[in-house]
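Chains, contacts and geometry: an overview
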Amino acid sequence: DINAIIVNCLAILNNKIKHKADIEKQYCHQAIIIKGNVGKIHEVFLNVLTNAIQALGKNGKIFVATKIDNTTAIIEIVDNGIGIDAKNIKQLTDPFFTTKPPGEGTGLGLSITYSILKEHKGTIEFESEIGKGTTVKIKLPLISSNNREMEETTYQKEF
């Protein structure tokens, strides 16, 4: 259950978040169930959320949204942090690539995240602008079931 995993990740990161960021959450009203390794999916969201937290300055905000689009779970994590230069976007999932100062990042978090998502037949996309923040969009296939009514949900993000 993606919503439950994200709630758990935010609880784990609470000490890093509570004095640094306001979190806005907009979860799909129905359970978002995927097939996969719970621990690895936790690692995906811990890595992405940690990067978002580390990118924040004063008045930090993180927006987390989940929705279902047909047979796909879509998770967006948006921060209003320092942003990423466009020339670095394509390298974000390369092993050992980091935009952090020496000693502050290994450059493995998003590489591992990418590998886990690929293993789960998912994708990750980045949009960013220097000084405005970053949007990370993760897509994962839902468990299909004849009993489950796949309903498209929509949301709006506001800062």
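Provided above is the structure to which this section pertains.
Residues numbered from 1 in each chain as written. Predicted model: local features only at pLDDT ≥ 70, side-chain atom pairs only at ≥ 80, totals over all residues. Heavy atoms only, no water.

This brings us to the overall build of the chain. Counting its regular elements, the chain contains five helices and five strands. Residues classed as buried in the chain amount to 42% of the 159 residues present. Relative to all contacts within the chain whose residues are 6 or more apart in sequence, the contacts with residues 24 or more apart total 70%. Accessible surface computed for the chain: about 9100 Å², of which carbon and sulfur atoms make up 49%. (Helix = DSSP H or I, 4+ residues; strand = E, 2+ residues; numbered from the N terminus. Buried < 20%, exposed > 50% of the residue type's maximum accessible area, 1.4 Å probe, protein only. Contact = heavy atoms within 4.5 Å. Areas by Shrake-Rupley, 256 points an atom, 1.4 Å probe, with all protein chains shown as cover.)

To continue, consider the sheet that holds strand E3 (residues 72-79). In spatial order, the strands read E1-E2-E3-E5-E4; together these five strands make up an open sheet with mixed pairing. Of all the strands in the sheet, just strand E1 (21-26) and strand E4 (123-129) have a single pairing partner and so form its edges. Averaged over all neighbouring strand pairs, the angle between strand axes comes to 15 degrees, with direction disregarded. Both strand E2 (residues 60-69) and E3 contribute to a ladder of eight bridges, which runs antiparallel. Within E3, the position partnered with Thr-66 by the bridge is Ile-75. Across the sheet, helix H1 (residues 2-12) touches E1, E2, E3 and strand E5 (133-141), and the angle it forms with E2 is around 165 degrees. Most of the contacts of helix H3 (residues 38-55) go to E3, to which it runs at about 20 degrees, and overall it touches E2, E3, E4 and E5. (Pairing = 2+ DSSP bridges. Axes fitted to C-alpha atoms, helices over the stretch in contact; angles between N-to-C directions.)

So, on to the nonpolar core. Among the nonpolar cores identified, the biggest contains 38 residues, and Ile-2, Phe-45, Ile-62, Ile-77 and Ile-138 are the most heavily contacted of them. Of all the elements in the fold, those that place two or more residues in this core are H1, H3, E2, E3, helix H5 (109-119), E4 and E5. Examining the composition of this core, we find that seven residues originate from one element, H3, more than from any other. In this structure Ile-138 touches Val-44, Phe-45, Val-48, Ala-73, Ile-74, Ile-75, Leu-117, Thr-123 and Ile-124, once residues within four positions along its chain are discounted. (Core = buried A, V, L, I, M, F, W, Y, C linked by side-chain atoms within 4.5 Å.)

This brings us to H5. Of all the residues in H5, the buried ones are Leu-110, Ser-111, Thr-113, Ile-116 and Leu-117. The inward-facing, buried residues of H5 abut H3, E4 and E5. Just beyond H5, the residue with positive phi is Lys-121, at close to 60 degrees.

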